[in-house]
Amino acid sequence: MSSPAVTVPHRAALDVAIQMLARGGYTTLPVVDERGELVGIVSEADLLKTALPPDPRAHMRPPATDAMRQPTSVADVMTPDPHTTTQSSDVADVAEIFARTSWKSLPVVRGREPVGVISRSDVIRVMARGDVDLAIEVNAALHEMGGMAAHASVEHGIVEISGTGTAHQGAAAVAVASTVLGVRRVQLAHDADLAPTEPSL
């Protein structure tokens, strides 16, 4: 994630948010109140809507009321109560959220305080990790399991686990290795003594 979080006050003028997005290269900004707590997010799309030309039929309508006034502050255009994540969240869960939504980023919070922002590109960078890094993480995870002698090798994101242990341990090893982000597939080596055996007749 990007940290610390770059935020914009909810009472800030729209021009402030526009300049922050343009100069910082952001697509969204967390919006905070006077206490520094997250109250919304403002995106490029939110601000682009303010640039749309007025409806030519406007002269046919009654004079604008307060509820119909043109937006002037970030609070007028932001999306309130946005979906958030935390520093301890599984990156795979964040990836799943991005995969099924059109969201480009999520605020990362501690309580109600924004501490960073995680974007699609952040997740893609993690997914693009090399085989050496993946092997180190998978083997560390297998070592933490204990109770069996297993080793993982990785080629093109495909993990192969070899070693000895029970069928239950083999299934657990596959499950653990599959949770490492960037791993594309997990398989047991042909000579591994970890796979379930066929029952004898």
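The coordinates are above.
Q: Explain the pairing of strand β9 (residues 185-188) to me, please; I cannot follow it from the model alone.
A: For a regular strand, side-chain orientation follows a simple rule: the groups alternate between the two sheet faces. Summarising the sheet, strand β8 (residues 158-164) and β9 pair through four bridges and their orientation is parallel. Across the sheet, I158 pairs through a bridge with R185, a residue of β9. Each parallel crossover has a hand, and for β8 linked through helix α7 (residues 167-178) to β9 it is right-handed.

Q: Honestly, the packing of helix α6 (residues 131-145) against α7 in this entry has me stumped. Any pointers?
A: A packed helix pair is summarised by two numbers, namely the angle formed by the two axes and the spacing between the axes. Running from N to C, α6 and α7 point in directions that differ by 140 degrees, and their axes come no closer than 9 Å. The angle between α6 and α7 falls in the class oblique. Like other packed secondary-structure pairs, α6 and α7 cross with a definite hand, here right-handed. Here α6 contributes V138, A141, L142 and M145 to the contact with α7, which in turn contributes Q169, A172, A173, V176 and A177. In terms of residue class, the contact of α6 with α7 is built from eight nonpolar, one polar and no charged.

Q: Help me understand the sheet that holds strand β7 (residues 149-155) in this model?
A: Hydrogen bonds between backbone atoms are what pair the strands of a sheet, whose relative direction is either parallel or antiparallel. The strand order across the open sheet formed by three strands is β7-β8-β9, and the pairing between neighbours is mixed. Looking at strand neighbours, the two that pair on one side only are β7 and β9, the edges of this open sheet. Neighbour-to-neighbour, the strand axes of the sheet open up by a mean angle of 25 degrees, direction not taken into account. Taken strand by strand, α6 contacts β7 and β8, and its axis lies near 165 degrees from that of β7. Relative to the sheet, α7 contacts β8 and β9, its axis offset from that of β9 by approximately 160 degrees.

Q: Please clarify how the environment of T166 should be interpreted in this entry.
A: Considering the arrangement of structural elements, one finds T166 in the loop between β8 and α7. Along the primary structure T166 and G147 are separated by 19 residues, whereas in three dimensions their C-alpha atoms are 9.6 Å apart.

Q: Just to check I follow, could you spell out α6 for this structure?
A: Structural remark: α-helix, 3.6 residues per turn; residues separated by three or four positions point the same way. With 15 residues, α6 should cover 21 Å at 1.5 Å per step; its first-to-last C-alpha distance of 21 Å lies within 8% of that length. Turning to α6, the residues buried within the fold contact β7, β8 and α7. A positive phi of about 65 degrees marks G146, the residue just after α6.

Here is what the cut-offs are and how they apply
- Starting from 1, residues in each chain are numbered consecutively following that chain's sequence as written.
- Confidence filtering applies because this is a predicted model: local features only for residues at pLDDT of at least 70, side-chain atom pairs given and counted only at 80 or more, and all residues used for totals across whole chains, interfaces and linings.
- As a convention, hydrogens and water are excluded, and side-chain values are obtained from all of the structure's heavy atoms.
- At least two DSSP bridges between two strands are needed for those strands to be called paired.
- A helix here means a DSSP run of H or I that spans at least four residues, while a strand means a run of E at least two residues long, and both kinds are numbered starting from the N terminus.
- Handedness of a crossover: with both strands directed away from the viewer, a clockwise path from the first strand across the helix to the second marks it as right-handed.
- Helix axes are fitted only over the stretch in contact, all axes being lines through C-alpha atoms; the angle between N-to-C directions runs from 0 to 180 degrees.
- In what follows, roughly perpendicular refers to angles from 65 to 115 degrees, roughly parallel to angles under 35, roughly antiparallel to angles over 145, and oblique to any angle outside these ranges.
- Note: crossing handedness is left-handed where the near helix turns anticlockwise from the far helix by less than a right angle, and right-handed where it turns clockwise.
- Any pair of residues with heavy atoms lying within 4.5 Å of one another is described as a contacting pair.
- Ten residues, namely Ala, Val, Leu, Ile, Met, Phe, Trp, Tyr, Cys and Pro, are considered nonpolar, four, namely Asp, Glu, Lys and Arg, are considered charged, and the remaining ones, Gly among them, are considered polar.
- A helix is expected to reach a length of 1.5 Å times the quantity of its residues less one.

Structural measurements only, silent on function.
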